[in-house]
Amino acid sequence: MNKLYLWGIIITAVMLAATYISVSMSEGGLNNDIVNMLAITGAVALVIITVFVVIKYVRQMQVDSATGELTEDNWDGIGEYLNDVPTGWAVTFLLLMVWGMWYMTVGYPVQSYSQIGEYNEDTAAHNAKFAAQYKDITGDRLVEMGESVFLAECKVCHGISADGIDGKAANLNKRIDAIAVKHAIEYGSNNQLLGFMMPMPDRNGLMNANAGYAPITDAEIDTVSAYVANGMTGDGADIFAGTCAMCHGADGTGVESMGPNIKKFDIALVTNVLNYGKKGGIGAMPKFERLNAKQKEAVGAYITSLSE
Amino acid sequence: MENRPLEYDYTVAKMFMLTTIVLGIVGMLVGVILAFQLAYPELNLVLGEGLAEYTNFSRLRPLHTDAVIFGFTLSGVFATWYYVGQRVLKVSMAESKLLMFLGKLHFWLYLVVVAAVVVSLLAGVTTSKEYAEFEWPIDIAVVVVWVIFGISMFGLIGIRREKSLYISVWYYIATFLGIAMLYLFNNMEIPTILGQSAAGESGIGAWYHSVSMYAGTNDALVQWWYGHNAVAFGFTVPIVAMIYYFLPKESGQAIYSYKLSLLSFWGLMFVYLWAGGHHLLYSTVPDWMQTMGSIFSVILILPSWGSAINMLLTMKGEWQQVAASPLIKFMVLGSTFYMFSTLEGPIQAIKSVNAIAHFTDWIVGHVHDGVLGWVGFMIMAALYHMAPRVFKREIYSKSLMAAQFWIQTVGVVLYFTSMWIAGITQGMMWRAHDEFGNLAYSFIDTVTVLHPYYAIRGIGGLLYLVGFLMFAYNIYKTMSARRVEESELQNASPMGA
Amino acid sequence: MFHWLEKHPFFFAVGVFLVISFAGLVEILPNFAQQSRPVIGTAPYSTLELAGRHVYIKNSCNACHSQLVRPFKSETDRYGHYSLSGEYAYDRPFLWGSKRTGPDLMRVGNYRTTDWHENHMKDPAGVVPGSIMPAYRWMFTNTADIDTAFAEQLTVAQFFSVPYNQPVPMKDGSTKVVKMGGSVAEANALALAEAELIAADMKDQDVKDAVANGQIPEIVALIAYMNSLK
Ligand code: HEM
Ligand code: HEM
Ligand SMILES: [Ca+2]
Ligand SMILES: [Ca+2]
Ligand SMILES: [Cu+2]
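Given the structure is predicted, the values throughout are model-derived calculations rather than measurements. (Residues numbered from 1 in each chain as written. Chains lettered and ligands numbered in written order. Predicted model: local features only at pLDDT ≥ 70, side-chain atom pairs only at ≥ 80, totals over all residues. Heavy atoms only, no water.)

**Structural notes on the overall build of chain A**
Thinking step 1. Each helix and strand counted, chain A has 11 helices and 6 strands in total.
Thinking step 2. The C-alpha radius of gyration of chain A comes to 34 Å, more than 25% above the 19 Å expected for a compact globule of 308 residues.
Thinking step 3. Seen along its three principal axes, the alpha-carbon backbone of chain A occupies a region of about 115 × 45 × 40 Å.
Thinking step 4. Classification of the 308 residues of chain A by burial places 41% in the buried group.
Thinking step 5. Surface exposure of chain A reaches about 16100 Å², of which carbon and sulfur atoms provide 60%. (Helix = DSSP H or I, 4+ residues; strand = E, 2+ residues; numbered from the N terminus. Rg over C-alpha atoms; globule rule 2.2 N^0.38 Å. Buried < 20%, exposed > 50% of the residue type's maximum accessible area, 1.4 Å probe, protein only. Areas by Shrake-Rupley, 256 points an atom, 1.4 Å probe, with all protein chains shown as cover.)

**With respect to the packing of aromatic side chains**
Thinking step 1. Under the defined criterion, the tally for this structure stands at 69 aromatic pairs over all chains.
Thinking step 2. Considering the side-chain rings of tyrosine 171 of chain B and tyrosine 244 of chain B, the 5.8 Å spacing of their centres and the 20° angle between planes classify their relative orientation as stacked. Placement of the pair is tyrosine 171 of chain B in helix H6 (residues 167-186) and tyrosine 244 of chain B in helix H7 (residues 216-251), with a sequence separation of 73 residues.
Thinking step 3. Relative accessible area serves as the criterion here: at 0%, tyrosine 244 of chain B is assigned to the buried category.
Thinking step 4. Their ring planes at 50° and their centres at 5.3 Å tell us that phenylalanine 468 of chain B and phenylalanine 471 of chain B sit as a pair that is tilted. You can see phenylalanine 468 of chain B and its partner phenylalanine 471 of chain B sitting in helix H17 (residues 451-480), 3 residues apart, about one turn around the helix. The burial state of phenylalanine 468 of chain B is the same as that of phenylalanine 471 of chain B; both residues are buried.
Thinking step 5. Among the aromatic residues, ring-to-ring pairing joins Phe16, Phe78, Tyr82, Phe107, Trp108, Tyr110, Trp146, Phe149, Phe154 and Phe176 of chain B into one connected group.
Thinking step 6. The lysine or arginine in question, arginine 290 of chain A, covers the ring of tyrosine 111 of chain C, its NZ or CZ lying 4.1 Å from the ring centre.
Thinking step 7. In this structure, arginine 100 of chain C is placed above the aromatic ring of tryptophan 430 of chain B, and the distance from its NZ or CZ to the ring centre is 5.8 Å. (Phe/Tyr/Trp six-rings, centres within 6.5 Å; stacked < 30°, edge-to-face > 60°. Lys NZ or Arg CZ within 6 Å of the ring centre and 35° of its normal.)

**Here's the deal with the packing of helix H3 (residues 57-89) of chain B against H7 of chain B**
All names here are of chain B.
Thinking step 1. Their axes nearest at 10 Å, the elements H3 and H7 cross at an angle of 40°. Compared by their axis directions, H3 and H7 come out oblique. In the packing of H3 onto H7, the handedness of the crossing is left-handed. Two secondary-structure elements touch here, H3 through Ile69, Phe70, Thr73, Gly76, Val77, Thr80, Tyr83, Val84, Arg87 and Val88 and H7 through Tyr226, Gly234, Phe235, Pro238, Ile239, Met242, Tyr245, Phe246 and Lys249.
Thinking step 2. By residue class, the composition of the contact of H3 with H7 is 13 nonpolar, 4 polar and 2 charged. (Axes fitted to C-alpha atoms, helices over the stretch in contact; angles between N-to-C directions. Parallel < 35°, antiparallel > 145°, perpendicular 65-115°, else oblique. Left-handed = near helix turned anticlockwise from the far one by under 90°. Contact = heavy atoms within 4.5 Å. Nonpolar A, V, L, I, M, F, W, Y, C, P; charged D, E, K, R; others polar.)

**Examining the domain arrangement of chain A**
Thinking step 1. Here chain A is described as being made up of domain 1 (1-65), domain 2 (77-115) and domain 3 (137-306).
Thinking step 2. Just the C-alpha atoms count here: the centres of domain 1 of chain A and domain 3 of chain A sit 57 Å apart. (Domains from an automatic or database assignment.)

**Quick notes on the site of ligand 1**
Thinking step 1. Around ligand 1 there are 27 residues in total, and Glu130, Tyr131, Asn354, His358 and His366 of chain B lie nearest to it.
Thinking step 2. Site remark: ligand 1 is flanked by residues from chains B and C.
Thinking step 3. Contacts to ligand 1 include histidine 358 of chain B, whose side-chain N or O atom sits 2.6 Å from an oxygen atom.
Thinking step 4. Between histidine 366 of chain B and ligand 1, the recorded distance is 2.8 Å, taken from a side-chain N or O atom to a nitrogen atom.
Thinking step 5. Elements with a minimum of two residues in the shell around ligand 1: H7, helix H12 (326-349) and helix H14 (361-391) of chain B.
Thinking step 6. Here the shell around ligand 1 takes 7 residues from H14 of chain B, the largest share from any one element.
Thinking step 7. Here the shell around ligand 1 is composed, by residue class, of 12 nonpolar, 14 polar and 1 charged. (Near = heavy atom within 4 Å. Polar contact = N/O pair within 3.5 Å; in protein donor to acceptor, adjacent residues only side chain to side chain.)

**Focus: the coordination of the calcium ion (ligand 4)**
Four donors placed tetrahedrally around a metal ideally meet at 109.5 degrees, and six donors placed octahedrally ideally meet at 90 or 180 degrees.
Thinking step 1. Distances from the calcium ion (ligand 4) to its protein donors, Glu130 of chain B (OE), Glu130 of chain B (OE) and Ser98 of chain C (OG), fall within 2.1 to 2.8 Å. Here the residue glutamate 130 of chain B occupies a position in the loop between helix H4 (97-123) and helix H5 (136-158), and serine 98 of chain C occupies one in the loop between helix H4 (73-79) and helix H5 (114-122), the pair thus bridging two chains.
Thinking step 2. Looking at glutamate 130 of chain B, the relative accessible area reads 14%, which means it is buried. (Donors = N, O, S within 2.8 Å, 3.2 Å for Na, K, Ca; no water.)

**What to know about the environment of isoleucine 456 of chain B**
Residues and elements named next belong to chain B.
Thinking step 1. Within the secondary structure, isoleucine 456 sits in helix H17.
Thinking step 2. Sequence-wise, isoleucine 456 and serine 418 are 38 residues apart; in three dimensions their C-alpha atoms are separated by 6.4 Å.
Thinking step 3. With sequence-adjacent residues up to four places away left out, isoleucine 456 is seen in contact with Leu414 and Ser418.

**Some words on the interface of chain B and chain C**
Thinking step 1. Across the boundary between the two partners, chain B contributes 101 residues, which contact 86 residues of chain C.
Thinking step 2. Between chain B and chain C lies a buried interface of about 8000 Å² when both sides are counted; carbon and sulfur atoms form 67% of it.
Thinking step 3. Our enumeration of links across chain B and chain C arrives at 3 salt bridges.
Thinking step 4. Across the pair arginine 137 of chain C and glutamate 49 of chain B runs a salt bridge, and its minimum N-O distance is 3.0 Å. (Buried area = accessible area lost by both parts, 1.4 Å probe. Salt bridge = Lys/Arg side-chain N within 4 Å of Asp/Glu carboxyl O.)

**With respect to the nonpolar core**
Thinking step 1. Core analysis: the biggest nonpolar cluster contains 314 residues, and Trp81, Tyr166, Phe233, Phe246 and Met269 of chain B together with Val220 of chain C have the highest contact counts within it.
Thinking step 2. Not counting residues up to four positions away in its chain, the partners in contact with valine 220 of chain C are Leu48, Ala195, Ile198, Met202, Val207 and Val211 of chain C. (Core = buried A, V, L, I, M, F, W, Y, C linked by side-chain atoms within 4.5 Å.)

**Topic: the coordination of the calcium ion (ligand 3)**
Residue and element names in this part refer to chain B.
Thinking step 1. Surrounding the calcium ion (ligand 3) are the protein donor atoms Phe134 (O), Asp139 (OD), Asp139 (OD), Asn187 (OD1), Glu189 (OE) and Glu189 (OE), which sit 2.3 to 3.1 Å from the metal.
Thinking step 2. If you look at the calcium ion (ligand 3), its 6 donor atoms make angles of 43 to 140° with each other, and the shape they trace is irregular.
Thinking step 3. Sequence spacing among the residues donating to the calcium ion (ligand 3) works out to F-x4-D-x47-N-x1-E. Taken together, the residues aspartate 139 in helix H5 and glutamate 189 in strand E1 (residues 189-191) connect sequence positions 50 residues apart.
Thinking step 4. Looking at glutamate 189, the relative accessible area reads 18%, which means it is buried. (Tetrahedral: all angles 85-135°; square planar, octahedral: opposite > 155°, others 65-115°.)

**Some points on the site of ligand 2**
Thinking step 1. Looking at ligand 2, there are 25 residues lining it, with Arg61, His64, Glu130 and His368 of chain B together with Lys99 of chain C nearest.
Thinking step 2. In the model, an oxygen atom of ligand 2 is placed 2.7 Å from a nitrogen or oxygen of the arginine 61 of chain B side chain.
Thinking step 3. Here lysine 99 of chain C contributes a side-chain N or O atom positioned 2.8 Å from an oxygen atom of ligand 2.
Thinking step 4. Elements that contribute at least two residues to the shell around ligand 2 include exactly helix H1 (11-39), H3, H14 and H17 of chain B.

**What to know about the pairing of strand E1 (residues 70-75) of chain A**
All names here are of chain A.
Thinking step 1. Taken together, the 3 bridges between E1 and strand E2 (residues 78-81) define a ladder with antiparallel strand orientation. Each residue of the ladder has a partner; that of leucine 70, found in E2, is tyrosine 81.
Thinking step 2. Hairpin remark: E1 followed by E2, antiparallel, with 2 residues in the connecting loop; positive phi at aspartate 76, about 50°. (Pairing = 2+ DSSP bridges.)

**Regarding the packing of helix H15 (residues 398-431) of chain B against H17 of chain B**
Residues and elements named next belong to chain B.
Thinking step 1. At a closest axis distance of 8 Å, the pairing of H15 and H17 adopts a crossing angle of 155°. Here H15 is positioned roughly antiparallel relative to H17, judged by the angle of their axes. The two elements H15 and H17 cross, and the hand of that crossing is left-handed.
Thinking step 2. Of the residues assigned to the contact of H15 with H17, the class counts are 21 nonpolar, 8 polar and 1 charged.

**Notes on helix H3 (residues 87-107) of chain A**
Thinking step 1. Among all positions of H3 of chain A, only Trp89, Phe93, Leu96, Gly100 and Met104 of chain A are buried.
Thinking step 2. Lining the buried residues of H3 of chain A we find helix H8 (258-272), helix H9 (287-299) and helix H10 (301-314) of chain B.

**A look at the interface of chain A and chain C**
Much of the literature gives interface size as the accessible area that the parts lose upon coming together.
Thinking step 1. On the side of chain C, 22 residues touch chain A, which itself brings 21 residues to the contact.
Thinking step 2. Between chain A and chain C the total buried area reaches about 1800 Å² when both faces are included, carbon and sulfur atoms providing 54% of it.
Thinking step 3. Among the residues of chain A in contact with chain C, Tyr119, Val156 and Arg290 of chain A are the three that bury the most area, contributing 34% of the side total.
Thinking step 4. Secondary structure elements with two or more residues in the side of chain A that touches chain C: helix H4 (115-134), helix H5 (139-158) and strand E6 (284-285) of chain A.

**Some remarks on the pattern of salt bridges**
Thinking step 1. As enumerated under the stated definition, the model contains 32 salt bridges over all chains in all.
Thinking step 2. Aspartate 218 of chain A is the partner of arginine 203 of chain A in a salt bridge, and the nearest nitrogen-oxygen pair spans 2.8 Å. Of the two residues, arginine 203 of chain A sits in the loop between helix H6 (178-187) and strand E3 (207-208) while aspartate 218 of chain A sits in helix H7 (residues 218-229), which places them 15 residues apart along the sequence.
Thinking step 3. When its relative accessible area of 23% is taken as the criterion, arginine 203 of chain A is described as partly exposed.
Thinking step 4. Classification of aspartate 218 of chain A by relative accessible area gives partly exposed; the value is 48%.
Thinking step 5. With a shortest N-O distance of 2.7 Å, glutamate 75 of chain C and arginine 100 of chain C are connected by a salt bridge. Here the residue glutamate 75 of chain C occupies a position in helix H4, and arginine 100 of chain C occupies one in the loop between H4 and H5, the gap between them amounting to 25 residues. For the pair glutamate 75 of chain C and arginine 100 of chain C, a shared accessibility class is recorded, and that class is buried.
Thinking step 6. Taken together, the shared-partner salt bridges in this structure form one network comprising Glu53 and Arg59 of chain B together with Lys58 and Glu218 of chain C.

**Focus on a nonpolar patch on the surface**
Residues and elements named next belong to chain B.
Thinking step 1. The grouping of Val143, Val147, Ile151, Leu184, Phe185, Met188 and Met213 at the surface amounts to a nonpolar patch, some 570 Å² of accessible area in total.
Thinking step 2. Mapped onto the nonpolar patch, the elements with two or more residues apiece are H5 and H6.
Thinking step 3. Mapped onto the fold, leucine 184 is located in helix H6. (Patch = residues over 30% accessible without salt bridge, like charges linked within 9 Å, V, L, I, M, F, W, Y side chains within 5 Å.)

Structure below.
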């Protein structure tokens, strides 16, 4: 066998091995996705075809010799042979043109394909498959699923460890930070955290029953904020009981249709945040329309699990 | 047939050779900086925080593309035209004062436009359209330069002695016409100083700002009809013109087949323009246009390969020349890369493959196996062939040239292999869903995996740049050496050791 | 015939021209006839948003970011609904881009917020570890060019009948009027009013001060534009 073909085979083998290694090492992986497979096949075919076609012509450089009849023309010393068009080339060209015509008129008539139609089918199939698969997941699996959503969607703001990246977003490892509580008390809160419009009044509307229904003072705000942020421990229990418990419950876990749970995360709260977004002392949290109900539930379970 | 030896006048060719080299260095240097900025983002601050506005990736990227396309490549096209044109038409520029004047005017105006482009891109004055970033005042200047080029080209053709046009001239003519048509239509824009407020104020805002005549999907269609064919008439057609002259000339071989030249030329002209839809696959342009773009892209393989095969067959039986001459190696490998990228393009144009390839580095890989392996190699080979003839001196160093060839070849291979892996990896990660049917990766995961490939690409690009500097040095030493060649040379370029 | 053409450059050129213009006629014209009309819910850009769009273009954000959501499950999951032609009716130029070094931004207004952009544009890697996006700190001090944005509004209203100061239908059945100033001063006042809303959600004190003094830093315009992408 000629050395060149040997080289061709070596290149091909190296290419195949490299492809195999990089695909099996790559994070995405083939994933049984026809698009991925076609792309890889295309890349491999490209190298192999080019290498062998070029080898064919290089062989002719090595062993053949230029012959044929020259035309009369000559430009700056450059002549032209009257050689015929290489048959393989001509035939392929013709076939491809025929294929093109066929494709446009018969194979895939130009108006009959719709990429949106294809999308709708793919999406329906995907959704059906996963709806069936995750219909019943609960407990740890639900949390796992939630983590997967969190890592794809939420970590750009809340950070990979959900710590809020130095106060740029809420730290989700605990229910709430003192500055967020303080902000809610001073300015009120109006984020549909209960799933419907039920604003919390600002500091002028918050009266401390223990102090004769006087509006809450700066010192009291600081104390109760620290108390809530510490998970309802430390000083300030009395202020809380006198001012907040009416709406948030004595233990801070919320009162139906009155105030949300501010002691612990729960799925309902997270779902409401995802449905309506949230604007507070730290910044603004967007709503997430593109997540489905199960994904919201899952990420709620995940976030709840972080502070447990 | 004329017997009197003609003295060709290479003044204008020499001027454009100079800009080819200088703008090549600038463009590729910026390319290398870009490549390393993606691997090491701190390099966005190479000249310090204060100048970051002008040195960050996004400000520099259009400078790279425009410097290599409209600087390096076009200069190369002009330089070779002012060399090849005279020779295959058998007339000297010196024979017409007017043509000589137009040629020089062409060069100097071109230089003015280049300066304006560099300043405006650094200042952030751009319309955002890829490869058509310039605002209307520059557009007008571009059109003027192009018209002068056209007059000077057709002027030379008009006074030719060689009745029939050589293949290269076909391609140069097509370059002129194609770019003229595309550029005009894609740059239809309305200067906003024309706007008048209800209060009667006019001339409001920046005088150079304009707004595109087309909106949204229509704008995209026109832009990629242009963008695709800017590739065709900038990176393909005039480069084919070059190889059709320089390969047979350097090797002393006759063109393998006139018929193949003919079919490839007209095939290319007809098919190329239809394929632009492959830049808009899965976009909001109608499905049928996308399908046509894909189909014609696949058909386009054949007229493209036709020219390349014709060139390879021209070297039939001449392996010893390929082995001995680095200059011929550049052209033979150039044809190979041309075949490679014109097969790669159609594969990427298949809708299902484009679903993964589009928007990724695989496209960047495709771009650079074409531009580095084909456009760059061919232009350097052309200049190497021209240098001894226009400067009347032997090429300074053959071994430097051979070393350059291998360094750059390694550079290209590193560039495109790393971008293939990067592109396909990223494409697959974007598409991946996990066991729960959720997206498997957040976007940033698909960015950080690319780091090693970006670094390798940077090294590949650096090798290519080093090779280009070796080329520049070799030409510089050739220019400034003692004059040796007395008369016109036939065929193989004389090379120093 | 070809041999004859090769001896007659003029006709050769005409031949080439006919062959290359054919495809454009067949492929491009039909779509122009059926022009892309705005879909319901698509409104023209306000002065400040347009100024932000100019900041986006000036810095070639489109070199890394696309604005085209393709109809794949993996893209609609990541970015939201696939793009519709009519959504681009007021995009001159279109900004689809051709490279996604960074994520698509077609609907980024849906899932990123003013304060996030503020942090991110100042120091991308500080918010998203591993980000390779450059920091755009000069945008916090450069002043946005409201006049040019206004000139563009006037131009598109005059030449392309873009509906400023007219009700445009919204998805919820309501209508929305995007105002365009009657004079340069009025346009600047409108933009400033919008800028104040954005600055209120920002933290950077210099930016807040600038807006309070009637100046609009580029970052404010850019964020207005980002927030408008939905
Ligand atoms: C048969 C010939 C070719 C076909 C069918 C073809 C096809 C394609 C396709 C499908 C894309 C990707 C579009 C996308 O998804 O973004 C592309 C991009 C590109 N190709 Fe080719 N290609 C061909 C030859 C070449 C050659 C020879 C060169 C250069 C020497 C070249 C330069 C480019 C460039 C610069 C781009 C990037 C355009 C952008 O900015 O997005 N192509 N080509
Ligand atoms: C020294 C060698 C070079 C290096 C390191 C280099 C590097 C780069 C980089 C990093 C990009 C941006 C890719 C991205 O956005 O992800 C780019 C884009 C591009 N370069 Fe180069 N480049 C080099 C030489 C050239 C040459 C010689 C040409 C043309 C003759 C060229 C034409 C282009 C084009 C057309 C694009 C735009 C591609 C697209 O938008 O898809 N480059 N290059
Ligand atoms: Ca323009
Ligand atoms: Ca591009
Ligand atoms: Cu193309």
